[in-house]
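A closer look at the structure
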Amino acid sequence: MDQLLSVLIPAALIVGALGAWRRVRLWRQGRPAAVNLLQGMLRMPRRYLVDLHHVVARDRYIAHTHVATAGGFVAAMALAIVVHVLGVENVVMAGLLGLAGLTMLVGTLFVARRRLEPPARLSKGAWQRLPKSLMAFSLGMLLVSLPLGGLVPEGAASVLTTLVLGVLVGWGLLELVVGMGWGGPMKHAFAGAAHLAFHRRPERFSDVSGEGRHPGSRSTALLPLDLDSEQAPGSEQSMGVARPDEFGWQQLLGFDACVQCGRCEAACPAHAAGQPLNPKKLIQDMVIGMAGGSDAHYAGTPYTGQTTGEHGGAPGERIVPQLVEPETLWSCTTCRACVEECPMMIEHVDAIVDMRRFLTLEDGATPEKGAVALDNLIATDNPGGFDNASRLDWAADLELPRIRERPEGVDVLLWLGDGAFDMRNQRTLRSLVTVMRAAGVDFAVVGEEERDSGDLARRLGDEATFQQLARQNIATLSQYRFARIVTCDPHSFHVLGREYPDFGGHYRVLHHSGLLAELIDEQRLQLAPAASGSSLTWHDPCYLGRYNGEFEAPRRVLRALGMEVREMARSGHRSRCCGGGGGAALTDVPGKQRISDMRMGDARDTGAEVVAVGCPQCTAMLEGVVEPGPQVLDLAELVARALVVSEHNSSTLREPQEEVPA
Amino acid sequence: MSSGIIVRRDPRAERIRRNRLHPRHHEFCQPAARWMGPNGVMRRNPHTVAAIGPNGLRRLDRSGATVTGGPSLRSVNDESHEQRRQVTLESPDFLVAVVPECPEGRLSSHDRDLFGLARQLADRDPASSGAVVAITFDHNAPELADAGADRWLALDDDSYAGYSPETRLTALETVARSWSPRHWLLPDGPAVGSDLGRRLAVRLAGLQPGSEEARAAARVWQVDGDHCICRGGGEHRDIHRPLPQVVLALAECAEPVSETRHEARPITLDTAPVPSIRRVTDHGRVAVDPSCIALDQAPFILAGGRGIGDWPGFHETARLLGAAEGASRVAVDDGYMPRARQVGATGTFVTAGCYIAVGISGAVQHLQGIEHCQRVVAINSDPGCDMVRRADLALIGNGDAILAAVAARLEARQHEEYRHDVA
Amino acid sequence: MTSPEVRVLVSSGRHPVSGRSGAAREDARAVEMALALAGEGVTLLHAGDPADASLRYYLGMFHEVPGLPSVGRVGRLDLLSMPAESDATSLLAEQLRHAGASLVLTGMRSEIGEGSGLLPYLLAERLGWNLVAGVAAIEHCDSESATILQALPQGQRRRLSVRLPCIATVDRAAPAPRQSAHGPARRGQIRVIEPQESAGVALDEPRGQWRFEPARVRPKRLKVVKGGSARERMRAAASTGGGGGGRVLSDLDPEAAADELIRYLESERVLQ
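First things first, this report covers the structure right here in the doc. (Residues numbered from 1 in each chain as written. Chains lettered and ligands numbered in written order. Predicted model: local features only at pLDDT ≥ 70, side-chain atom pairs only at ≥ 80, totals over all residues. Heavy atoms only, no water.)

The next point concerns the pairing of strand 7 (residues 103-107) of chain C. Residues and elements named next belong to chain C. Among the five residues of strand 7, five are classified as buried, and the element is accordingly described as predominantly covered. Burial along strand 7 is two-sided: Leu103, Leu105 and Gly107 and Val104 and Thr106, pointing in opposite directions, are all buried. Across four bridges, strand 1 (residues 6-9) lies against strand 7 in parallel orientation. Bridge assignment links Arg7 to a residue of strand 7, and that residue is Val104. Examined bridge by bridge, strand 7 and strand 11 (residues 166-170) share five bridges and lie parallel to one another. (Buried < 20%, exposed > 50% of the residue type's maximum accessible area, 1.4 Å probe, protein only. Helix = DSSP H or I, 4+ residues; strand = E, 2+ residues; numbered from the N terminus. Pairing = 2+ DSSP bridges.)

So, in structure tokens, the structure goes:
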């Protein structure tokens, strides 16, 4: 037995290593990017134990199971090498090996229990085999350790039992060691570890979150596309990603790390609405594209309305439409719910935007209304094609101070966003102005010089138009002095604050919820208590919450209004998108139901009378839901309603005062 | 006030009665049926309150049954308004040639504007009188006299039928050589109607190279003396320039003739135009599926609104009628029709020759959107709604039922035709 | 079928809202029509300022659309360098004469400058080519002739066949242009052709005497009712479009109403 293992284990390790080498070569088909190998390796254990488990632990059952199984396996494997290959055979080692095997076996039993009636989000196929393989290995290791530890007499093993044990351990080694390198469910351990070590967004991990590209952020800003260097004459390199080998190698590595747990699938609003997108399937399709082949072996939920086995790809072949249909990519609302949920820290949204970039920049295949919006952005600086000079028309009677008339600078620069052209959002803006005047905030607006932030263009893949708008806005803002920017549009908030730094625009940007919370904390607003018994619920905008981690400020404001804040089933970092992000309202991929209807359903279920929002897009989407339902009101409107206009404040409210004829 | 009846004075009526030149004098000058006499006695006018009795004698009706004669119910479109002054011109000093487009064989309002402009140019100088020559490629252009043409050259040879720019151009060139009109006026518009004018402009300019006079003015929207104003490209600039020989004028370039009637005396060319080789062959109209025509161009629209309950029936009727489908905003909001089919100021402005509105009450925005429709039919259950008021024909009743009946009739008719064809 | 050589005359346009220069909408339709017809056989042609960035928009349309001919990776534009405000006719005519193209597509009118729409006609006259105006679609095109659908008002179409070479102006009813993509727009090649001495760019002299002014809003025509009383004129001016004159038929059963409608439509020759 001992001899058998001393041959089997090194053989498995060698074959596994060969497979791993092949895997590495698959990843390296992607576009090169420099990484610090040693540093990455060193950082990996901590990232695994802290950051990754932080996500995994949201599902306690599987977290514990994974600790037992994976921990047991790593320990058992290490000990088995020591005992059987290096020949350190003593009772202590044998006992430890047995303990590790037992731990793993216990974990494995829970894995198996989970797999008896697996939830729909889990992939089946080879993954159904995994608990058996795990059991074979752990049981084998446990049994092998028994004679060594003296629990069973040495000679008790007959040829038959040796054979059975050999088969068990061999099966286990084949799945767990060889499969780790050559592909199979256990591939996730190797690829996942490497992915953690060389993640494309190291800022997502607690060890480097304070440094790097976007210090202190949740690293949600899209990475800029270098439009100049990639356009070298004669270069065959196109912009964005058309083929799997055009992803960065770290991205390919990330796709390979997927465990097909389907948490993204369960979180994806487009999938829930019956649109042809399933983030899990998308990542698996990318793996298929990287390795070559068809999606016939995919054993999870397919894209709604499509059957598996009809699509396939190869590293050097076009992704769209052979591997993935364009509707799949255009269904995404870029809400990042999938990224937030992914225990392997895979970046779905980056991948989707990369592929959209190719479709828009090279293929000119943006869905019709999206293409119109892009043309409008180029011609008029706003997606609706309005005269940009009319951006302040709604505020003609408010006499908003322009920043250009305030060369000495202001505290708050109010960024209006494209909601300024929308009559519904104009009500929000009016309320915000009222509140700011009541609190005596020193503010000004950019006015006609303000252009769209470029959010829509960027999410639709038009990086060129985005960068153009970004540079122009940065040039405009550079002429003026202000302490911070406040906007009631979370998309502008995100793009100005998180994505402009890549182009040289560094600003302190606040969402209006942040400003309102600050004004309330400083007691600059006198608010009348709300009628008792009135309740509301807060819909977290994706670009405020998940993208920028601002969950608390709006809730603080709402609590200050004295209303009962009820939470929806999906709220906070798990909030469900309104369906309007990422240009999805324009690309308008048909599904079985509308995302906004589902979200309004969530709100209705709380029984709240008001659903409070903080985003023009969310307002439009949720108000578009057929009545009856809770009233949709922006945070600023709620605060403005509760405002008590005192004698002291009223003078600022009436500002500018009417001129008295001399 | 012995009688106790307060009779209010109507100063306006009195004023009109005094003023014999007032247009409504005849309505008011009829003596009122009764009035307060100067000494407070109520007087009656026997001519108005009396009626001819059965035995032929005028009787004063004291029962009060006869209605006193109020203002006469003469039509607003009094014939006297239509009376035009006849103008004849025997020996004109110069000619102004007009080539109307005559789509569908009738003068369009654009054509009439063009004649108005032509008259403006012909009658500009009292000392030298110009004649307006209409050149048509169609035998039937009956309204030319009212439109303002003194002379009419009808080129109704078969060779001018359809799209025949070469032959038409040769004919106009012959006219130019024979009669040398001082000005040529042709319509300019968005569509193909402005084609001939541009061909003529280029051809005539080629005959006198370098002459500024020969450089045609396109998209003219106002002529003032020797100058004209052209709308530049992209609609953002006006070009003020001297009036050239060939003028391609936009719609509403001048007021159409309304006060005079002209001869439209038929004339003929002395020299026949040299027949030219046709290098463009017209294969005739192509059947267009009405549902594929963009709404703003569709000639016949069946539009549905809130009053429609049976949408499949609506679609079927539209198909049988050969009409493009339109919808009110409500129908679109409720998801029965796509946004692209919404008619109105917030949707599409339509120009259909015939517009049938079923179950649409006629919001202001909707009525704005159908402003340019020539004939409107309303089918509505509410006789008081604005759409009924707007309509040329209004059928009061249930829209679904009426459409179903229309569909049944058309289907039966098609069936019959099919049988007829087979037999 | 070998794809024919097609030239598209393009010009820079002006956005109706922002006034920013960009593609002219009709020219973009002409490019779309050419690409859908001839794919790689399309070359764009422009006379004007070589620094005009808006021309890149058209080059951005050189990307593949499923089901239409392949357009190749790089779009080509020949640019006849010419000072603004000069007459492009002779330059373009010379270029077309020697280019060997048989079909030239362009928009109906330029969006900037005079916008008279005369240029295609001048070119056709000078080259002795045929011209078809208001093209909605090209159904067929070979080296000898083309079959064309011409756009008529109210969505109607007329089928024409024309012998090549031919200049065709493209109507607004033609298929909408494909999206212009950034990649092909930047990749596209602009070949600047300096005019030869002999060609002699003619400065447009008469134009010098014209006065260009911002467009005035054209007065809206009122329904002028001549004669009649003040009351009638007032009533006519205030009435909302054609109201009042209609027949209102109530108390009809659906069958009778349907008969009435069909009779009306037949009398108005809407229904045959």
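On to the interface of chain C and chain B. In this complex, chain C contributes 84 residues to the contact, which on the side of chain B involves 86 residues. Summing the contributions of chain C and of chain B, the shared interface buries around 7700 Å²; its carbon and sulfur component is 54%. It is Gln154, Arg218 and Arg221 of chain C in chain C that bury the most area against chain B; as a group they hold 10% of the surface buried on that side. Our count for the contact surface shared by chain C and chain B stands at six salt bridges. Linking Asp259 of chain C and Arg409 of chain B is a salt bridge whose minimum nitrogen-to-oxygen distance equals 2.4 Å. Where chain C packs against chain B, one counts 32 residue pairs in polar contact (both at pLDDT 80 or more). Those elements giving two or more residues to the side of chain C that touches chain B turn out to be helix 4 (119-127), strand 8 (130-141), strand 9 (145-151), strand 10 (157-163), strand 14 (211-214), helix 6 (230-238), strand 15 (247-249) and helix 7 (254-267) of chain C. (Contact = heavy atoms within 4.5 Å. Buried area = accessible area lost by both parts, 1.4 Å probe. Salt bridge = Lys/Arg side-chain N within 4 Å of Asp/Glu carboxyl O. Polar contact = N/O pair within 3.5 Å; in protein donor to acceptor, adjacent residues only side chain to side chain.)

Across the sheet, six strands lie side by side as 18(B)-17(B)-19(B)-20(B)-21(B)-15(C); this open sheet has parallel pairing. Lying at the two open borders of the sheet, with one neighbouring strand each, are strand 18 (324-327) of chain B together with strand 15 of chain C. The mean angle between the axes of side-by-side strands here comes to 15°, regardless of whether they run parallel or antiparallel. Pairing analysis gives five bridges linking strand 17 (residues 300-304) of chain B to strand 19 (residues 354-358) of chain B, with the strands arranged parallel. When the sheet's bridge partners are listed, Phe300 of chain B is paired in strand 19 of chain B with Cys354 of chain B. The sheet contacts of helix 9 (residues 311-321) of chain B involve strand 17, strand 18 and strand 19 of chain B, and relative to strand 17 of chain B the element is tilted by about 170°. (Axes fitted to C-alpha atoms, helices over the stretch in contact; angles between N-to-C directions.)

All names here are of chain A. Enumeration according to the criterion identifies 86 salt bridges over all chains in this entry. A salt bridge links Asp256 to Lys187; its shortest N-O distance comes to 2.9 Å. Taken together, the positions of Asp256 in helix 8 (residues 249-256) and Lys187 in helix 7 (residues 187-197) put the pair 69 residues apart, joining distant regions of the chain. In terms of burial, Asp256 and Lys187 fall into one category: buried. With its nearest N and O atoms 2.7 Å apart, the salt bridge here joins Asp521 to Arg556. Taken together, the residues span a long stretch of sequence, with Asp521 in helix 20 (residues 512-521) and Arg556 in helix 21 (residues 552-560) at a distance of 35 residues. Assessed through its relative accessible area of 45%, Asp521 is described here as partly exposed.

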